[in-house]
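# Summary of the model geometry
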Amino acid sequence: MRKGWHPALLLPALLALVACSPEPAPTPDSNAFVLSDTMLRRIQLDTVRVSSVRNVINLNGRITADENRTASVFAIMSGQVESVTVELGDRVEKGQVLAKIRSGEVARLERKLIDARSDKEVAEKNLATKEALFRSQLLSERKLVEAQFDLEKANAQLQRMNEIFAIYTIEAGSRYVLRAPVSGYVIGKAIAHDVTLPEENHDPVFTIAELDDVWVLADVYESDIARVKEGMDAEVTTLSYPDMVMHGQVDRIFNILDPATRTMRIRISLKNPDVLLKPEMIAHVKLRYQENEALPAIPAHALITENGKSYVMVFKDRYNIATREVVPFRTTGDTTWVADGLQPGEVIVSKEQLYLYDALNDQ
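Cut-off values and rules
Residues numbered from 1 in each chain as written. Predicted model: local features only at pLDDT ≥ 70, side-chain atom pairs only at ≥ 80, totals over all residues. Heavy atoms only, no water. Buried < 20%, exposed > 50% of the residue type's maximum accessible area, 1.4 Å probe, protein only. Helix = DSSP H or I, 4+ residues; strand = E, 2+ residues; numbered from the N terminus. Arc of directions from axis to C-beta. Contact = heavy atoms within 4.5 Å. Pairing = 2+ DSSP bridges. Phe/Tyr/Trp six-rings, centres within 6.5 Å; stacked < 30°, edge-to-face > 60°. Lys NZ or Arg CZ within 6 Å of the ring centre and 35° of its normal.

### Details of helix H5 (residues 353-361)
- Residues of H5 that are buried include every one of Gln-353, Leu-356 and Tyr-357, and no others. Viewed along the axis of H5, the buried residues span an arc of 100°, placing them on a single side of the element.
- Contacts from the buried residues of H5 go to strand S17 (304-306), strand S18 (309-317), strand S19 (320-332) and strand S21 (347-351).

### Some thoughts on the sheet that holds strand S11 (residues 206-209)
- The strand order across the open sheet formed by four strands is S3-S11-S9-S5, and the pairing between neighbours is antiparallel. Looking at the sheet topology across the chains shown, the edges are occupied by strand S3 (70-73) and strand S5 (91-92).
- Bridge count between S3 and S11: four bridges; the pairing is antiparallel. When the sheet's bridge partners are listed, Thr-70 is paired in S11 with Ala-209.

### A short note on the pairing of strand S12 (residues 213-221)
- Counting buried residues in S12 gives seven out of nine residues, a clear majority hidden from the surface.
- Direction of pairing for strand S2 (residues 49-65) relative to S12: antiparallel, over a ladder of six bridges. Considered in S12, the bridge of Asn-60 is made with Asp-219.
- Strand direction decides the pairing type here: S12 and strand S15 (residues 263-271), joined by nine bridges, are antiparallel. Within S15, the position partnered with Tyr-221 by the bridge is Thr-263.

### Some remarks on the packing of aromatic side chains
- Tallied over the full model, the rule gives one aromatic pair.
- Ring centres of Tyr-311 and Tyr-357 lie 5.7 Å apart, and the angle between their planes is 40°; on these two criteria the pair is classed as tilted. Taken together, the positions of Tyr-311 in strand S18 and Tyr-357 in helix H5 put the pair 46 residues apart, joining distant regions of the chain. Of the two residues, Tyr-311 and Tyr-357, both sit in the buried class.
- Positioned over the ring face of Trp-215 is Arg-267, at 4.2 Å from the centre of the ring.

Next comes the structure, spelled out in structure tokens:
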């Protein structure tokens, strides 16, 4: 009898053979969108992540000189201006001549210097005498202290006069010279050739400032005051250099409200090594801060807006790309936070997304 397969054993073997055979590939749908290799290389993908919502306060301000690096020059005596050697905006060095003034009061100033020297000599002799009497116990300690105090006053007066003469050099012909007390730029000038300066002129005739560092004074509206803190990062742009962003920090808050404008002033210090920033320039300030809320965040440029609605392209693979409507919460800089429509970990297309949007929605 020929040996063969028993029918009871043949059926399980056939079933096992069918189970191990590979399934036939599905017939591709000719209408389905499939991302080509070329476009797959061109697109950019970003993963949705949750982050704290950042916000920005926009302020208007102006550039000013650093008051701690600014010096005023006064004409301490009346007279006629013979010459002015500098103009607004000029760079001057310490000790440089600014102007010459002829004044009949020069003699009075010289007399004050002589008197100050004489007063110091008298006070020194008086103190020496009092010290000898005190050592001999012929003078009270109070009298000695008074003599020491008189010498201190005389020294202070002489020092003040010497400082005046160092700034206002006296020349022959009853002239005195105004010199720059510091190096910097002339940012204020209230003097001209042949002008007669009045007596008791309390306003500066020159203002000189070092402009390597400048201030930005910005006004904060009352509704934003609670959000502004010292140390906040600030971005500053100007009308003159709109594409140049300068970075600084809020280093002073003036806790006074202007009743007319309902604003509070803040100060931002900026480095100005190339002196591009000039006093009185208009500045635009952005103060960035984080809110307590955290939401899914995506690149702002990934958002597609059409007919008042916002969309993103959600990517799973080259065969599975979908248009998803989202609800933007806020856009700050290059980031958009989404209130609804996306979950953390999802992947979106952030480059060439408009091409995909048109291709999918035109089908």
